[in-house]
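Listed below, chain by chain, are the residues.
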Amino acid sequence: MRHRLQYDTLINHVPHFHAQAELADQEDEYRVLAFYEAKSDLVMKKLLTEWNPAVTRKELEEEAEAVAMRQNSTIDMVKSFFGEDLAMLERDIKERKIKDRILEASVSMS
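Residues numbered from 1 in each chain as written. Predicted model: local features only at pLDDT ≥ 70, side-chain atom pairs only at ≥ 80, totals over all residues. Heavy atoms only, no water.

Draft legend 1. Expanded view of the packing of helix α1 (residues 2–12) against helix α2 (residues 19–51). Direction vectors running N to C along α1 and α2 enclose 130°, while the axes themselves pass 10 Å from each other. When the axis of α1 is compared with that of α2, the two are oblique. Judged by the twist between their axes, the crossing of α1 over α2 is right-handed. Facing R2, R4 and L5 of α1, the residues of α2 in contact are A19, Q20, E22, L23 and Y30. Here the residues of the contact of α1 with α2 are counted per class, giving four nonpolar, one polar and three charged. (Axes fitted to C-alpha atoms, helices over the stretch in contact; angles between N-to-C directions. Helix = DSSP H or I, 4+ residues; strand = E, 2+ residues; numbered from the N terminus. Parallel < 35°, antiparallel > 145°, perpendicular 65-115°, else oblique. Left-handed = near helix turned anticlockwise from the far one by under 90°. Contact = heavy atoms within 4.5 Å. Nonpolar A, V, L, I, M, F, W, Y, C, P; charged D, E, K, R; others polar.)

In structure tokens form, the structure reads like this:
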């Protein structure tokens, strides 16, 4: 963060007269974000254990096709990375299903 401030001063000619205060503020923001990330990971692990949504072969294949499209790649290359059975994509699909379920519940509560 300190290097970014120095770079900003040198390249963009933006003086940072209170660099220490800026760094302290950024550190507090990053601490809050890190706490949120750690907490959301723990919540997701708990929900994966409790809800454990099913993932079909068709969903795995659709996700593999989407990955191939996004990466401008082929299904064969995706399979070589994620495995022939595409099992490594399963957690992503489960997490998306959980997020969708939470979003649907929150929208219906509104």
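The rest of the description comes next.
Draft legend 2. Layout of the packing of helix α3 (residues 57–70) against helix α5 (residues 90–109). Axis separation between α3 and α5 bottoms out at 10 Å; the angle between their running directions is 100°. With respect to α5, the axis of α3 lies roughly perpendicular. Contacts between α3 and α5 involve E59, L60 and E63 from the first element and E90, I93, R96 and K97 from the second. Looking at the contact of α3 with α5 residue by residue, the classes come out as two nonpolar, no polar and five charged.

Draft legend 3. Summary view of a nonpolar patch on the surface. A surface patch of nonpolar side chains, about 290 Å² in accessible area, is lined by M1, Y30 and L33. Mapping M1 onto the fold places it in the segment before α1. (Patch = residues over 30% accessible without salt bridge, like charges linked within 9 Å, V, L, I, M, F, W, Y side chains within 5 Å. Areas by Shrake-Rupley, 256 points an atom, 1.4 Å probe, with all protein chains shown as cover. Salt bridge = Lys/Arg side-chain N within 4 Å of Asp/Glu carboxyl O.)

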